[in-house]
Amino acid sequence: ILTSLVALPVVGALLLLFVRDEERHAPLIRNIALVVSVLVFAETLLLWSRFNSGSGDFQFQEHYVWIPAFGISYFVGVDGISLLLLVLTGFLTPLALLSSWESIHKKIKAFCMFVLLLESAMMGVFVSLDLFLFYVFWDAMLIPMYFLIGIWGYDRRVYAAVKFILYTLAGSVLMLLAILGLAYLHSTLNGAYSFDLLQLYALQVPPRLQFWFFLAFALAFAIKVPLFPFHTWLPDAHVEAPTAGSVILAGVMLKMGTYGLVRFAFPLFPLAAAYFAPALAVLGERRVARGTHR
């Protein structure tokens, strides 16, 4: 069922390729995208109904070998944290499409395809239990949002889109280096590369490495939250994005920074997390204060 959550929006986007991008077909395009997104939301509700809330383990796990030479797998699962974020994503995507029903008049097919592809990538972020797979989805979701802002945004849309992707990619590159470092450390200690999050949870990372790895992860997630002083991309993106982009950006994508800290940075590097906790608290308080001032 988790693979279906990721794959169904992609199938919907591919289905739209066979519909001509003409004005007379606009209602059909919108309806296909809306029906697909509603089906995805229904799947998240089905997942919720089958979820065992009495267990703290990852449920509905799916594990398939992807690149065995480097220990990379298609490994997905869901716990109580990611479950609610999946439901939230499934709920907001149809609303984002509906909010653009009367406001988007150009390149409607491309717009709906990008929204569906964005939904697929966001679902993938929340279910990934392989760090390499997580990174693929983490960066993949930037591309549709970049085009949503850059094509269907307002006057300064290109500036906002470029600023958005440069900020987020800068943090992602450092996180990738830390992910590769973790896999190499696992190979050094256990004789084989692994990006399996559950195995990496048990990895004994030396304190000095913890600090550097934590900073790399935390920077990528702090940009996405965003925390001060990495927040300047957000006002431009929100102001210039179309309504659908703003809905998804505020409702889902800004939650991913905190999700990443809770899912990856804190449990993988507990010593570093405890050391930097006061600094994160101060930056978080400053973000709240700035938001209240606005």
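About the thresholds
- Residues numbered from 1 in each chain as written.
- Predicted model: local features only at pLDDT ≥ 70, side-chain atom pairs only at ≥ 80, totals over all residues.
- Heavy atoms only, no water.
- Salt bridge = Lys/Arg side-chain N within 4 Å of Asp/Glu carboxyl O.
- Buried < 20%, exposed > 50% of the residue type's maximum accessible area, 1.4 Å probe, protein only.
- Helix = DSSP H or I, 4+ residues; strand = E, 2+ residues; numbered from the N terminus.
- Phe/Tyr/Trp six-rings, centres within 6.5 Å; stacked < 30°, edge-to-face > 60°.
- Lys NZ or Arg CZ within 6 Å of the ring centre and 35° of its normal.

A. Fine view of the pattern of salt bridges. Taken as a whole and judged by the stated rule, the model has five salt bridges. The closest approach of N and O atoms between Arg20 and Glu22, which form a salt bridge, is 3.9 Å. The exposure class of Arg20 is exposed, given its relative accessible area of 56%. As a salt-bridge pair, Lys163 and Asp236 come within 3.0 Å of each other at their nearest N and O atoms. Separated by 73 residues along the polypeptide, Lys163 in helix H7 (residues 157–190) and Asp236 in helix H10 (residues 233–240) bring together distant segments of the chain. We note that Lys163, like Asp236, is buried.

B. Up close: the packing of aromatic side chains. Applying the stated rule across the entire model yields 25 aromatic pairs. With a centroid separation of 5.7 Å and an interplanar angle of 55°, the aromatic rings of Phe41 and Phe91 are classed as tilted. Note that Phe41 is positioned in helix H2 (residues 26–50) and Phe91 in helix H3 (residues 80–99), a separation of 50 residues in sequence. Judged by centre distance (6.1 Å) and plane angle (55°), the ring pair of Phe217 and Phe221 falls under tilted. Of this pair, Phe217 and Phe221 both sit in helix H9 (residues 207–224), four residues apart, which is roughly one turn of the helix. Aromatic ring contacts, followed pair by pair, group Phe126, Phe134, Trp138, Phe213, Phe217, Phe221, Tyr259, Phe264 and Phe269 into a single cluster. Over the ring of Trp101 we find Arg30; its NZ or CZ atom is 5.8 Å from the centre of that ring. Over the ring of Trp138 we find Lys224; its NZ or CZ atom is 5.1 Å from the centre of that ring.

C. Structural context of unusual backbone geometry. Backbone torsion omega between Val225 and Pro226 reads -10°, so that peptide bond is classified as cis. When you line up the elements, Pro226 lands in the loop between H9 and H10. In this structure, Phe60 is a non-glycine residue whose phi angle is positive, near 55°. With respect to the secondary-structure elements, Phe60 resides in strand S1 (residues 59–67). Exposure remark for Phe60: the relative accessible area of 25% places this residue in the partly exposed category. With phi around 50°, Lys107 is a residue other than glycine that occupies positive phi space. For Lys107, the location among the structural elements is in the loop between H3 and helix H4 (108–127). When its relative accessible area of 48% is taken as the criterion, Lys107 is described as partly exposed.

Geometric values such as these leave the question of function open.
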